[in-house]
2 protein chains.
Amino acid sequence: MSDRRVTLQTVADHVGVSRMTVSNAFSRPDQLSAELRERILAAAEDLGYAGPDPAARALAKGTTGAVGILLTDSLEYAFTDEVAALFLGAIAQELGASGLSLTLLSSSVTTPDVLPARDVPLDAALVYSCEDDSPAIDWLRRRHLPLVYVDQTPVSGITSVNIDDRAGARAAAQHVVDLGHRRIGIVTSNFGVPAGLIDRPADRATGHVGRQRMLGWLEALDAAAIDPVVVSEQLSGEATGRHAAELLLDLPEPPTAVLCFSDAMAYGVVETAIERGLSVPDDLSVVGYDDSPLAARMRPSLTTVRQDVIAKGRAAATELRTAMDRARTGSAGRAKRIRLAADLLVRDSTGPLRHRAAVDGPARTR
Amino acid sequence: MSDRRVTLQTVADHVGVSRMTVSNAFSRPDQLSAELRERILAAAEDLGYAGPDPAARALAKGTTGAVGILLTDSLEYAFTDEVAALFLGAIAQELGASGLSLTLLSSSVTTPDVLPARDVPLDAALVYSCEDDSPAIDWLRRRHLPLVYVDQTPVSGITSVNIDDRAGARAAAQHVVDLGHRRIGIVTSNFGVPAGLIDRPADRATGHVGRQRMLGWLEALDAAAIDPVVVSEQLSGEATGRHAAELLLDLPEPPTAVLCFSDAMAYGVVETAIERGLSVPDDLSVVGYDDSPLAARMRPSLTTVRQDVIAKGRAAATELRTAMDRARTGSAGRAKRIRLAADLLVRDSTGPLRHRAAVDGPARTR
DNA sequence: ATCGGTTACTGTACCGATACAGACGACAGA
DNA sequence: TCTGTCGTCTGTATCGGTACAGTAACCGAT
């Protein structure tokens, strides 16, 4: 008695056909008569055959039906962050329509010898907003998987989808400069340092997006000869926004305008300011980034930089599929560099500089 | 010249060791000398070897490092729905800590012959709030994967994690009854019918959760001899909540209290009521379900039934891991049935029935 | 010198499918 | 009757690893 698992062969023996025919019954219905196929399927059902073993099929066929998405260290970020969720939702929708499943990959090494990016069977992968030098990316590349980079420094040979973050940030900074602000704070994340005020950051952001936005902000501020106060946090949520706000507002000369890396951070800043009795935008102007749903429902509504994350997700999914097609057919299309717009959206959280009675503020004569 | 892909053998030949030793260099560092391991790894690097092929490894080892989660048809729901996202985030966090990756599986058949639940290599799977008779569940079961059911009708032999939804719904209904309401509306989803008013629903909900909540609501209403007006929608978001509210408020005798399947639906109901000039809770009491973040930030804050989705996610992940351990060691632990509490949380969206002067129109005297 | 115990490595036997090139009978056309 | 073609089904050769048992060398203890 075979106590072994039931496999193609088991079914084949039972029906009295070759293993190959059973395989075809499942994967290539056109290769055999409908009648025989029915018989085979029935026998398989009887025997409790679960269909071709996915692992074996993956090995033989070279295809798994799953595409990975590499995320910054914590997986829950994918669901926690409103903007990431919107983006991933769009991807999942596009990909799901092609029958592909989406596998969330953590780029942080968890156990020393388990590396999702190296070990999980995949047909292709998206790299989303990871540190450029992440070892996980190296593994994916070495595997020669069709890849698409999103919110990532473009690399030759790999299609990338980016937002024009630099222009967006520049517009945000220019906006507050135009409103007359001169003491400007920047609240961003992942500039390497633990957390707190940092010196004029050159290129120290660990992420491409953080770097681009910083570049954009500084571009406009430099042009106006303004030296901003920069706070870097570890994460870009509300809590860190609050923390950063405390730091900035405790300064002897607190800023009158704050540029934030995300809407969530901006929310934390606004709330903190309000709790301290300040008025937004009268005492403090705040600009967010992303135009997440939160931005519109805030009170005051948040001036922010809009990016179309849904479009970004759709573009990424589409490009990933063409990359997969290219790999399958062996054709050599060129890698694209897609760049989507980022537009300043002025709402109610920013306003013109109001000269306060306070002593130590820079007394400027408009 | 071997134009072929570089494999273990390629590396082995180059270094002059057996294929097995190269395999060990990657997967069992303790099986060879550090010196040799270094040499092998270096050679692998040189040759551009990408590490053991995941598909082959999965076949040989019987393990992939990925666990699936089966979702109701649309994948984007995982990210779109605030409650689902919270739940999945907790799961991802727990699982990620064990080095496992999470694969989102769509339970709807997309292409005729692509069935994620049947074809994607997986070590185990969670079934989350799917229709009980979904073919995808059958496939997962036939594959003999370690399984955990969440928000799903428990089945013998499979560990399940559920919320005491029936009790929660009963408490919600009892609450409005206690407030004196007699004309009560129910806004739920997925009761099979297209969308609209439905007759007293016996068991027609396609989902376990929908059924349980309906049972709970009816239990309390029956006891009070109240016959509710029931609206069923396709989805459980704000939009459908609005649609349902229109239906209910257009009734000759509109309800004075509405019980909703989700907070998002409740939000839609509240907004619609307010837009129509009604006051919540004076003219209309509304109860939600889930206690999502939305419930607390609504205005008026939403009376709802609280379930701890994070705990649910953690429990599910933990149980899934023990199920995997059981499968690996072959030990035969018993399947558990976990049931978490659901508690009524009274906030500002419900109030005592106010007797109105007007017959059919809400004539209010401010 | 013998022996038990490590450490370091190797050989063989699978894991469970798919690809691709036939084989074979039936049937239409010459 | 012979031949070409089509529709079905089969055999063999991979796909690229890991498990496990075994061997050889080495080392300290008796």
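Refer to the structure above for everything that follows.
The following paragraphs examine the structure supplied in this document. (Residues numbered from 1 in each chain as written. Chains lettered and ligands numbered in written order. Predicted model: local features only at pLDDT ≥ 70, side-chain atom pairs only at ≥ 80, totals over all residues. Heavy atoms only, no water.)

**Digging into helix α11 (residues 238-249) of chain A**
So the rule is basically this: Every helix listed is a DSSP run of H or I at least four residues long, and every strand listed is a run of E at least two residues long, numbered separately from the N terminus. One less than the number of residues in a helix, times 1.5 Å, gives the span that helix is expected to have. Working rule for contacts: check all heavy atoms of both residues, and any pair within 4.5 Å makes them a contact.
With 12 residues, α11 of chain A should cover 16 Å at 1.5 Å per step; its first-to-last C-alpha distance of 16 Å lies within 8% of that length. Tucked into the core, α11 of chain A has its buried residues touching β6 (184-189), β7 (196-198), β8 (229-233), β9 (257-260) and α12 (263-275) of chain A.

**Observations regarding unusual backbone geometry**
Note the cut-off: Only protein chains enter the accessibility calculation, which uses a 1.4 Å probe. A residue is then buried if its area is under 20% of the maximum for its type, exposed if over 50%, and partly exposed in between.
V280 of chain A connects to P281 of chain A through a cis peptide bond whose omega is 10°. Tracing the backbone shows P281 of chain A in the loop between α12 and β10 (285-287). Here the phi dihedral of H144 of chain A falls at roughly 60°; this positive angle occurs in a residue that is not glycine. The residue H144 of chain A is located in the loop between α8 (135-142) and β4 (147-150) in this model. The exposure class of H144 of chain A is exposed, given its relative accessible area of 66%. The phi dihedral of A225 of chain B is positive, around 55°, even though this residue is not glycine.

**Structural notes on the sheet that holds β10 of chain A**
All names here are of chain A. Going by this rule: Two strands pair if DSSP finds at least two bridges between them. Angles run from 0 to 180 degrees between N-to-C directions of axes, and those axes are lines fitted to C-alpha atoms, restricted for helices to the stretch in contact.
The sheet built from 5 strands is open, its strands ordered β7-β8-β6-β9-β10 with mixed pairing. Whereas interior strands pair on both sides, the edge strands pair on one side only; in this sheet they are β7 and β10. Taken pair by pair, the neighbouring strands of this sheet meet at an average axis angle of 25°, ignoring direction. Here helix α9 (residues 165-178) sits on the sheet and contacts β6, β9 and β10; the angle it forms with β9, its principal contact strand, is near 175°.

**Some points on the packing of helix α6 (residues 82-97) of chain B against helix α14 (residues 309-329) of chain B**
All names here are of chain B. The line we're drawing: The cut-offs work like this: below 35 degrees is roughly parallel, past 145 is roughly antiparallel, 65 to 115 is roughly perpendicular, and the gaps in between are oblique. Note: crossing handedness is left-handed where the near helix turns anticlockwise from the far helix by less than a right angle, and right-handed where it turns clockwise. Nonpolar residues are Ala, Val, Leu, Ile, Met, Phe, Trp, Tyr, Cys and Pro. Charged residues are Asp, Glu, Lys and Arg, and all others, Gly as well, are polar.
Look at α6 against α14: their axes get within 8 Å of each other, and the N-to-C directions meet at 40°. When the axes of α6 and α14 are compared, the pair comes out oblique. As for how α6 packs across α14, the hand of that crossing is right-handed. Residue-level inspection shows V83, L86, F87, A90, I91, E94 and L95 of α6 in contact with α14, the latter providing V309, I310, K312, G313, R314, A316, A317, T318 and R321. Taken together, the residues that form the contact of α6 with α14 break down as 10 nonpolar, 2 polar and 4 charged.

**Concerning the relation of the copies chain B and chain A**
The second copy of the chain is related to the first by a rotation about an axis and a shift along the axis. How we decide: Here the copies were fitted onto each other by least squares, based on C-alpha atoms from residues at pLDDT of at least 70 in both.
Relative to chain A, chain B is turned by 180° and slid 0.0 Å along the rotation axis, the superposed coordinates differing by an RMSD of 0.1 Å. The superposition of one copy onto the other is thereby described by a two-fold rotation axis. No C-alpha of chain B lies nearer the rotation axis than that of T103 of chain B, which sits 2.0 Å from it. The overlap is high: 100% of the interface residues of chain B also sit at the interface in chain A, so the same surface is used on both sides.

**Some words on the sheet that holds strand β7 (residues 196-198) of chain B**
Residues and elements named next belong to chain B. The 5 strands are arranged β7-β8-β6-β9-β10 in an open sheet whose pairing can be described as mixed. Across the chains shown, the open sheet's two edge strands, defined by having one partner strand only, are β7 and β10 (285-287). Averaged over neighbouring strand pairs, the angle between their axes works out to 25° when direction is ignored. Each of β6 (184-189), β8 (229-233) and β9 (257-260) touches helix α10 (residues 208-223); the most contacted strand, β6, lies at about 170° to it.

**A closer look at the interface of chain B and chain A**
To keep it simple, the criterion reads: A quick way to say it: buried area is the sum, across both parts, of accessible area lost when two parts are put together, with a 1.4 Å probe. Whenever a carboxyl oxygen of Asp or Glu lies within 4 Å of a side-chain nitrogen of Lys or Arg, that contact is scored as a salt bridge.
Contact with chain B, which involves 47 residues of that partner, is made by 48 residues of chain A. Buried area between chain B and chain A, summed over both chains or domains, comes out near 3900 Å², and the portion from carbon and sulfur atoms is 63%. The largest per-residue losses of area from chain B upon contact with chain A belong to P54, F79 and R142 of chain B, which jointly make up 16% of the total buried on that side. Taking the shortest distance from any N to any O, the salt bridge between E45 of chain A and R142 of chain B comes out at 3.1 Å.

**So, the packing of helix α2 (residues 19-27) of chain B against helix α3 (residues 34-47) of chain B**
All names here are of chain B. Between α2 and α3, the least distance of the axes is 10 Å, while the angle of their chain directions is 95°. With respect to α3, the element α2 is oriented roughly perpendicular. In this structure, α2 contributes T21, V22, A25 and F26 to the contact, and α3 contributes L36, R37, I40, L41 and A44. Among the residues making up the contact of α2 with α3, the classes are represented as 7 nonpolar, 1 polar and 1 charged.

**Observations regarding the environment of A125 of chain B**
Residue and element names in this part refer to chain B. In this structure, A125 sits in strand β3 (residues 124-128). A sequence separation of 81 residues divides A125 from T206, and the C-alpha atoms of the two residues are 21 Å apart. Here A125 is in contact with G68, L140, P146, L147, V148 and L320, once residues within four sequence places are set aside.

**Section: empty space enclosed by the protein**
Using the following cut-off: Put plainly, a pocket is an open set of points on a 1 Å grid over the protein atoms alone with protein on both sides within 12 Å along at least five of seven lines, a cavity is a set where a 1.4 Å probe fits but cannot get out, and a lining residue has an atom within 4 Å of a point. Grid points are joined across faces, edges and corners, and a volume is the space filled by probe spheres set on the points.
The tally for this structure, following the rule as stated, stands at 1 cavity of 30 Å³ or more. Lining the largest cavity are A66, T103, V120 and P121 of chain A together with A66, T103, V120 and P121 of chain B. Residue composition of the lining of the largest cavity, grouped by class: 6 nonpolar, 2 polar and no charged.

**Notes on the environment of A117 of chain A**
All names here are of chain A. In this structure, A117 sits in helix α7 (residues 116-119). As for A117 and R143, which are separated by 26 residues in sequence, their C-alpha atoms are 9.2 Å apart. With near-sequence residues (within four places) excluded, A117 lies in contact with L70, L105, A136, W139, L140 and R143.

**A few points about the packing of aromatic side chains**
Residue and element names in this part refer to chain A. As a reminder of what qualifies: Only the six-membered ring of Trp is used, alongside the rings of Phe and Tyr, when aromatic pairs are assigned; centres must lie within 6.5 Å, and planes under 30 degrees apart are stacked while those over 60 apart are edge-to-face, with the rest tilted. Charge over a ring is defined by NZ of Lys or CZ of Arg lying within 6 Å of the ring centre and within 35 degrees of the ring normal.
What the rule picks out here adds up to 5 aromatic pairs over all chains. Here F26 and Y49 contribute two aromatic rings whose centre-to-centre distance is 5.4 Å and whose plane-to-plane angle is 70°, an arrangement assigned as edge-to-face. One end of the pair, F26, is in helix α2 (residues 19-27); the other, Y49, is in the loop between α3 (34-47) and α4 (54-61), and 23 residues separate them in sequence. Taken individually, F26 and Y49 each receive the classification buried, so the pair is uniform in this respect. Its end group placed over the ring of W139, R118 keeps NZ or CZ at 5.4 Å from the ring centre.

**Section: α3 of chain B**
Residue and element names in this part refer to chain B. How we decide: This arc describes the spread of directions from the helix axis toward the C-beta atoms.
Given a rise of 1.5 Å per residue, 14 residues ought to cover 20 Å, and the 20 Å separating the end C-alpha atoms of α3 matches this to within 8%. Within α3 the residues assigned to the buried category are L36, I40, A43 and A44. Buried residues of α3 fall within an arc of 100° about the axis and therefore sit on the same side. Residues of α3 that are exposed and point over 90 degrees away from its buried face: A34 and D46. Against the buried residues of α3 lie α1 (8-15) and α2. One or two steps after α3, the chain reaches G48, where phi turns positive at roughly 75°.

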